[in-house]
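# Summary of the model geometry
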Amino acid sequence: MDVLPTLRRSLVIALALLLTACPRTTRTPSGGDTGGDLPSGDPFPTRPSVEAKKDPTADAALAQASQAARATPDKRKAAEAYLSVRKAYPATTAGQDALYQAGVLFFESRDFVNARKSFNELLFENPLHSRADDAKHKLAVSAMEVGAYRDAYQTLSSLAERASGAERTQLLNEAARAAAGAGLYGQALQMAVDEAGQAQGAQAQAAAVAKVEALVEGRAAFVDIARVAEGLSPSNPAWPVITFKLARVYYHLRDWTRLEETLNRFLAQAPGHAFAPQARELLARATRRVEARPRTVGVLLPMTGRYQPIGEAVLRGIQLGLEGSGVELVVKDTQGDVNKTGQAMEQLAFDDGAIAVLGPLLADDSKRAALVAEELQVPLLTMSRQDGITELGSYVFRNMLTNAAQAEAIADYAMNVKGYKRFALLYPNIPYGVELADAFWDQVVARGGGVRGAERYSHDQTTFTTEAKKLVGRYYLDDRGDYIEGVRDVQGENLDAFRRRKAMEKVKSGVEPIIDFDAIFMPDDWRRVSLVAPALAVEDIVTNACDPRDLERIRKTTGKKELKTVTLFGANQWSSPKGRSGLPELVERGGKFVTCSVFVDGFFVDSQRPATRRFVAQYREAYRAETGRDPGLLEAIGYDSGRMLRQLMEQKDAPRTRAQMRDAMANLKNFDGATGRTSFNEKREAVKQLFLLSIDNKGVTEINVEKERQNAASASGGSGT
């Protein structure tokens, strides 16, 4: 079976690297391993580079050296005796024989560096020497001993091609060792497989197959295994090892057709092999991937570890949403661990037969789950805020409040309902603040508005005088013409130092704020908001006069006639728990300075929307005694996500397969949930009307956006007639 085309689909780079690993290079006379690419061809010339001649004097010197060598037990000293003959008679047959004998003695004394040097010199000078094959063999072994594996592999494989019987087996074994040492695992694997095919006796076969197993497990590349597998006979003892490994490759590539073909062939040819039980389980697992249980839903949440509280909150919502439905819920604890998340996703698909999966929450967990869901084609409804999560595949959906959705909702309300066109931004230098500020800025510009000022501050900052002054032009006073003119007037007067200082202070305090914006967007935590709002008031930025009468009272109090009211806008982190007074802590701490502000959230426990009220009532009845608190966004998102799947499962033509469930989710429109009426757009993102919330001295109330929109439209129409 031709397996290479499929593997090239995912491993073309590895194949290209392998195919370019064998360029032809030249060999230096020294034969040293430069560590470069594997040479091809014979490293030695086909003809002697020196025409050695017979010389009686040289022969006599060689005989004397041989006698001396036999007389001494020191092989290195004996080798030096031979080298002296070589040096004295270099162009003689005796000189070449002496060089060979020196190489043998160096080899036997394990001086492999000098052995290589001697044999390389001999073979380069006379590759047709009568002991050339033995010299090449010892040269290759010496190269292997000093780590020159590529040189050794080339020489040994060349010798093995011409050998037979036990000698060939030995050479192939050594060549395989050299190839493995050089990282040439494809060549090493091929030799090990050939060795297994030629091995005689059970013990020899088992040893050869063990080598094959060692190479395929983490050494040989997928493409090497595919190349060896192509055309390999089932009669080879290594065939089951290669074939089962190939099946596992197909599993990781998610090539289900070839996986099943390979496993079926394996079980037909080797039903009693040690790998057969694993092969049957893998085949059953692959088959189960399409056997979804229409009433089984998987859940991926952190149920232990540091993120346990948020996992439990979402699960409470999911369970409440599915209560009484008969849906089987299979919960997997991700522990906030990416690897465990991926494994759990596979288990839900292969072992539990989930028709869809809810979760995860965390960014990295969701990315891993989304990738696996797309590979296995299991609908995943994640609750992560991770940007671009649904772009990972057509089976990935998201139901969660995102920064982009919040920015869009605030910009739409501020510009299309309130009629504001000019904005300032005040935000913390953290991802949440920066991302929301950027998204809001983009929304304003897209709607034809403008941003007149933007100030960023540290996440742990507690005073905001500088930022407030910068917003209204009171910080860089040297750029203010009115300030410069006032300074000149003071300098022109004849005043003593004390009066001059007082006069300068009066000039500075008299600089009017430049408030050329209608609203300030501040995406930060409610604690910080309660500190920022008073700092804005100090710089005459009036944020608490949504009623004209309030503004008039402030004018009278301050004596300033040119005051202008500005609206503070915020995001979901403005939501705060209730304090001792029963009011939200934001209101308790911020006081009058946060009244008239507006913020957005994905859930509001006191909303009058019917679906939200039903959820809150159910939750309080089920969990209030256990948790001691009302539900929040996480519980509501979990509830709605579970209810969405429940609604699809309970309809007349309920999905029976994962593909059908995916299509049903994609076509879900106007689901009436606790977090709003929800539909999925073409990017499989949940689209819903968020909760716009206003602050007054009595607390937080929900804005009827549609009613205000209609009033604004009526007012606009009336003013134009």
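Residues numbered from 1 in each chain as written. Predicted model: local features only at pLDDT ≥ 70, side-chain atom pairs only at ≥ 80, totals over all residues. Heavy atoms only, no water.

## Focus on the overall build of the protein
On a plain count of helices and strands, the protein comes out with 29 helices and 15 strands. Scaling as 2.2 N^0.38, a compact globule of 721 residues should have a C-alpha radius of gyration of about 27 Å, whereas the protein reaches 41 Å, well beyond that. Seen along its three principal axes, the alpha-carbon backbone of the protein occupies a region of about 130 × 85 × 50 Å. Summarising the internal contacts of the protein: among those between residues at least 6 apart in sequence, 66% fall at separations of at least 24. Across the protein, 95 positive and 92 negative side-chain charges occur, with their mean positions spaced 2 Å apart. (Helix = DSSP H or I, 4+ residues; strand = E, 2+ residues; numbered from the N terminus. Rg over C-alpha atoms; globule rule 2.2 N^0.38 Å. Contact = heavy atoms within 4.5 Å. Lys, Arg positive; Asp, Glu negative; His and termini not counted. Charge placed at Lys NZ, Arg CZ, Asp CG, Glu CD.)

## Here we look at the nonpolar core
Counting 74 residues, the largest nonpolar core has Leu-189, Val-212, Ile-242, Leu-259 and Met-345 as its most contacted members. If one sorts the elements of this core by residue count, helix 12 (residues 239–253) sits on top with 8 residues. When residues no more than four places from it in sequence are discounted, the contact partners of Val-212 are Leu-189, Ala-192, Val-193, Ala-238, Val-241 and Ile-242. Counting 70 residues, the second largest nonpolar core, distinct from the first, contains Phe-521, Ile-637, Met-661 and Val-705. (Core = buried A, V, L, I, M, F, W, Y, C linked by side-chain atoms within 4.5 Å. Buried < 20%, exposed > 50% of the residue type's maximum accessible area, 1.4 Å probe, protein only.)

## A short note on the pairing of strand 2 (residues 328–333)
Pairing geometry for strand 1 (residues 293–301) and strand 2, over 6 bridges, is parallel. Counterpart to Leu-301 in the pairing with strand 2 is Asp-333. Following the backbone out of strand 1, through helix 15 (residues 308–322) and into the adjacent parallel strand 2, one traces a crossover that is right-handed. (Pairing = 2+ DSSP bridges. Right-handed = clockwise from strand over helix to strand, strands pointing away.)

## Examining the pairing of strand 9 (residues 567–570)
On strand 9, burial covers both faces: Thr-567 and Phe-569 on one face and Leu-568 and Gly-570 on the other are all buried. Relative to strand 9, strand 8 (residues 519–521) is paired through 3 bridges, and the arrangement is parallel. Pairing of Ala-519 across the sheet is with Thr-567, part of strand 9. Pairing geometry for strand 9 and strand 10 (residues 598–601), over 2 bridges, is parallel. The residue bridging Phe-569 from the neighbouring strand is Val-598, located in strand 10.

## Quick look at the side chain of Glu-125
Of note, Glu-125 is situated in helix 5 (residues 112–125). A polar side-chain atom of Glu-125 sits 2.5 Å from a polar atom in the side chain of Arg-86. (Polar contact = N/O pair within 3.5 Å; in protein donor to acceptor, adjacent residues only side chain to side chain.)

## Quick word on the packing of aromatic side chains
Summed over all chains, the structure comprises 21 aromatic pairs. Between Trp-239 and Phe-266 the ring centres are 6.3 Å apart and the planes differ by 10 degrees, which places this aromatic pair in the stacked class. Of this pair, Trp-239 sits in helix 12 while Phe-266 sits in helix 13 (residues 256–269), and the two are 27 residues apart along the sequence. A single burial state applies to Trp-239 and to Phe-266, both of which are buried. Here Phe-244 and Phe-266 contribute two aromatic rings whose centre-to-centre distance is 5.8 Å and whose plane-to-plane angle is 45 degrees, an arrangement assigned as tilted. Taken together, the residues span a long stretch of sequence, with Phe-244 in helix 12 and Phe-266 in helix 13 at a distance of 22 residues. Note on Phe-266: relative accessible area 1%, which makes it buried. Through successive ring pairs, a cluster of aromatic residues spans Phe-603, Phe-615, Tyr-619, Tyr-623, Tyr-639 and Phe-691. (Phe/Tyr/Trp six-rings, centres within 6.5 Å; stacked < 30°, edge-to-face > 60°.)

## Comments concerning the environment of Ala-247
Relative to the helices and strands, Ala-247 is located in helix 12. Of the residues examined, Ala-247 reaches a relative accessible area of 1% and is grouped as buried. C-alpha of Ala-247 to C-alpha of Leu-586: the two residues are 339 residues apart in sequence and 60 Å apart in space. Look past the residues within four positions of Ala-247 in its chain and what remains in contact with it is Leu-259, Thr-262 and Leu-263.

## Considerations on the packing of helix 12 against helix 13
At their nearest, the axes of helix 12 and helix 13 sit 8 Å apart, and the two run at 160 degrees to each other. It follows from the interaxial angle that helix 12 and helix 13 lie roughly antiparallel. Considering only the axes of helix 12 and helix 13, their crossing is left-handed. On the side of helix 12, the interface is formed by Trp-239, Pro-240, Thr-243, Phe-244, Ala-247, Tyr-250 and Tyr-251, while helix 13 contributes Trp-256, Arg-258, Leu-259, Thr-262, Leu-263, Arg-265, Phe-266 and Gln-269. Looking at the contact of helix 12 with helix 13, its residues break down into 10 nonpolar, 3 polar and 2 charged. (Axes fitted to C-alpha atoms, helices over the stretch in contact; angles between N-to-C directions. Parallel < 35°, antiparallel > 145°, perpendicular 65-115°, else oblique. Left-handed = near helix turned anticlockwise from the far one by under 90°. Nonpolar A, V, L, I, M, F, W, Y, C, P; charged D, E, K, R; others polar.)

## Comments concerning unusual backbone geometry
In this structure, Pro-360 follows Gly-359 across a cis peptide bond, with omega equal to -5 degrees. By the element assignment, Pro-360 lies in the loop between strand 3 (354–358) and helix 17 (363–376). Unusually for a residue other than glycine, Gln-335 sits at a positive phi of about 60 degrees. For Gln-335, the position within the fold is in the loop between strand 2 and helix 16 (338–350). One non-glycine residue, Gln-377, lies in the positive phi region at around 60 degrees. Along the polypeptide, Gln-377 turns up in the loop between helix 17 and strand 4 (380–382).

## Some remarks on the sheet that holds strand 12 (residues 676–680)
In space, the 3 strands of this open sheet follow the order 11-12-13, with antiparallel pairing throughout. Because the sheet does not close on itself, it has two edges, and the strands there are strand 11 (671–673) and strand 13 (686–688). Neighbouring strand axes in the sheet, compared pairwise and without regard to direction, differ in orientation by 35 degrees on average. Relative to strand 13, strand 12 runs antiparallel, the two being bridged by 3 bridges. Its bridge partner lying in strand 13, Ser-679 is registered against Val-687.

## Topic: the pattern of salt bridges
Following the criterion strictly, the structure yields 41 salt bridges and no others. Between Arg-254 and Glu-346 there is a salt bridge, and its shortest N-O distance comes to 2.7 Å. A residue pair is termed long-range when its members are at least 10 positions apart, and Arg-254 in the loop between helix 12 and helix 13 and Glu-346 in helix 16 qualify at 92 residues. Just as Arg-254 is buried, Glu-346 falls in that class too. The shortest N-O distance in the salt bridge between Arg-398 and Glu-685 comes to 2.6 Å. Note that Arg-398 is positioned in strand 5 (residues 396–398) and Glu-685 in the loop between strand 12 and strand 13, a separation of 287 residues in sequence. There is no split in this pair, since Arg-398 and Glu-685 are both buried. Within this structure, Arg-254, Glu-281, Arg-285, Arg-288, Glu-346, Asp-351 and Glu-375 form a network of salt bridges that share partners. (Salt bridge = Lys/Arg side-chain N within 4 Å of Asp/Glu carboxyl O.)

## Regarding the sheet that holds strand 2
Taken together, 5 strands build an open sheet; the order of strands is 2-1-3-4-5 and the sheet is parallel. Of all the strands in the sheet, just strand 2 and strand 5 have a single pairing partner and so form its edges. Pairwise comparison of adjacent strand axes, ignoring direction, gives a mean angle of 25 degrees for this sheet. Lying over the sheet, helix 15 contacts strand 1, strand 2 and strand 3, oriented at roughly 160 degrees with respect to strand 1. Sheet strands in contact with helix 16 are strand 1, strand 2, strand 3 and strand 4, and its direction is about 170 degrees off that of strand 1.

## A word on the confidence of the model for the protein
Per-residue confidence for the protein averages 88 on the pLDDT scale, and 91% of its residues sit at or above 70. The model gives residues 3–41 a pLDDT under 50, and that stretch makes 70 contacts with residues more than four places away or in other chains. (pLDDT = per-residue confidence, 0-100.)

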